Each structure stands twice: as structure tokens, then as C-alpha cells.
Amino acid sequence: IEEMRTVSVLFLCVRGLRLGIPQTGIWPSGLSDSSNSDNDDVMKRSNNLGHLGVDFAQDVMTSAQAAIYAQEGSFNKFLVDDKGVVILAVFGLAPLLHVDDGLRACLTGSRLIDKLKEQGFSGKVGIATGRVWCGVVGNNDRQEYTVLGDTVNLAARLMGVQMKDSWQGTSSVVVCPTTQWLVSKYLRLTPMPPIYLKGIANKIIVYDSPGISIWRS
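Cut-offs and rules
- Residues numbered from 1 in each chain as written.
- Predicted model: local features only at pLDDT ≥ 70, side-chain atom pairs only at ≥ 80, totals over all residues.
- Heavy atoms only, no water.
- Helix = DSSP H or I, 4+ residues; strand = E, 2+ residues; numbered from the N terminus.
- Expected span 1.5 Å × (residues − 1).
- Buried < 20%, exposed > 50% of the residue type's maximum accessible area, 1.4 Å probe, protein only.
- pLDDT = per-residue confidence, 0-100.
- Contact = heavy atoms within 4.5 Å.
- Polar contact = N/O pair within 3.5 Å; in protein donor to acceptor, adjacent residues only side chain to side chain.

## So, helix α3 (residues 101-118)
For step 1, the next point in the chain: Taking 1.5 Å of rise per residue, 18 residues should cover 26 Å, and α3 covers 26 Å from first to last C-alpha, within 8% of that figure.
For step 2, the next point in the chain: Where α3 is concerned, the buried positions are Asp101, Gly102, Leu103, Arg104, Ala105, Cys106, Thr108, Gly109, Ser110, Leu112, Ile113 and Leu116.
For step 3, the next point in the chain: Positioned one or two residues after α3, Gly120 has a phi angle of 90°, which is positive.

Written as C-alpha cells, this is what we have:
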């Protein structure tokens, strides 16, 4: 079914994870490509270096799916590009529509970052809420259900801006103003200095989400 729908879009970039042969500086914390007994044991548990990267990717994807499904979101894509490993999740797709999908996306983002730290990796999450086009794209040979629109692009930009040296946030989860408005009753968010984002003419204020819960009556 093709439709316009209001959703919360979450992009996660996993830093330090490569699916090919490991190189210096891209191993999880506690591991390196230097020759020592601990690393030798890790290597022996894998048929080759490439398989080791795939094993880590499988662990990351499995834990990401669990975090997303726990908040009844939709795991949409698992991509590998120049940014590393990127995961796209959407909250509010049929039949899992909730009045608090923005909050569910924020809670999932914080959980994803915490889980990555446990696994020895780091990540950056961008979340945006708004209208998107939802539907099936492709041909008779290959089709997929996806979401398209400015909201999707904004979530990707919020993920990417955190990789710049000038970024001052500390939480690794950044949300758009619409998402901030939806969750401000439940989460304490920190406004960041106005910034330019690609595809947006004017500076906008985005919000750092440390995941601290509050409650206002």
C-alpha cells in the first residue's frame, strides 16, 4: 500500500565495524590486530579475518533488532557505505502505530548506543519526525518496502552531523525540533547552537538527547 504517513525515522551509524578484513584501529575495544595471545584466541575462533567482521555485524544487527522490536518499531534497512554500517528503523508504520512513536524512537536510540558500548563499538543516532511516503519500490525481480521524503533525509543529516569535529553534543542521539516537541514532557533534551544542514536553507536548532527521563504533570 502506498500512502503518506507521519512517522519517526531513526538512523544509526555504527562506528568501528567493518565487514571486510580488520585493520588497525577498527577493532572493538579490547581487541587489536597486534599479535598477542588474546587476539590469537579470537582469531582461532574464526575461519578467517573476514568472517570475524561478519560475526560482529551479526551480533550488532541482532541486538539492534531486539531494541527496535521492543518498542514496536520496524527494522527497515541494514546498509554498508562510506560512513560504516548504517541501520534504518521507522516508528509508526502500519500496523504498529502509537501516539508516542517519537518517544519510542528516542528510547530505542539511547538503548542502541548503550548496547554498542557493551559490544565495544560506538554509534551515532539521528531521529526526525514528520510526513513520509511509504510504499513498495522495485520491479518484479526485487522489491522492498521503504520510506522516502524530507523527514528521512533529515534523520540521516542529524546522524551525520555528529561525525564533524565541530559537533559539541555528548549523547550520540540527536533529534529534530518536531521530535523534541513530542517528547519534551518525558525526556530532558539539550538544545544545540543553530546549525546548517544539507538541503535546508536556514539554520535550525537540534537537540541532544542524553536519555534522562523526567515527568511533568
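## Remarks on the confidence of the model for the chain
For step 1, the next point in the chain: Summary statistics for the chain give a mean pLDDT of 82 and a share of 79% for residues scoring 70 or more.
For step 2, the next point in the chain: Per-element confidence in the chain is highest for strand β6 (residues 173-175), whose mean pLDDT is 96, and lowest for helix α1 (residues 37-44), whose mean pLDDT is 47.
For step 3, the next point in the chain: A low-confidence stretch, residues 21-27 (pLDDT under 50), is modelled with twelve contacts involving residues beyond four sequence positions or located in other chains.
For step 4, the next point in the chain: In this model, residues 42-51 is a region of pLDDT below 50 whose contacts with residues beyond four sequence positions or in other chains number twelve contacts.

## So, helix α4 (residues 150-161)
For step 1, the next point in the chain: In a regular helix each residue adds 1.5 Å, so twelve residues correspond to 16 Å; α4 covers 16 Å between its end C-alpha atoms and thus fits that length.
For step 2, the next point in the chain: Where α4 is concerned, the buried positions are Thr151, Val152, Leu154, Ala155, Ala156, Leu158, Met159, Gly160 and Val161.
For step 3, the next point in the chain: Structurally, α4 contributes buried residues whose contacts are with β1 (3-15), β3 (84-91), β4 (122-138), β5 (143-148) and β6.

## Focus on the side chain of Thr129
For step 1, the next point in the chain: Here Thr129 is to be found in strand β4.
For step 2, the next point in the chain: On the basis of relative accessible area, Thr129 is assigned to the buried category, the value being 10%.
For step 3, the next point in the chain: In terms of polar contacts, Thr129 uses its side chain to reach the side chain of Ser8, at 2.7 Å.
For step 4, the next point in the chain: One polar contact links Thr129 to Thr179, side chain to side chain, over a distance of 2.7 Å.
For step 5, the next point in the chain: The contact partners of Thr129, leaving out residues within four places of it in the chain, are Thr6, Val7, Ser8, Thr151, Cys176, Thr178, Thr179 and Leu182.

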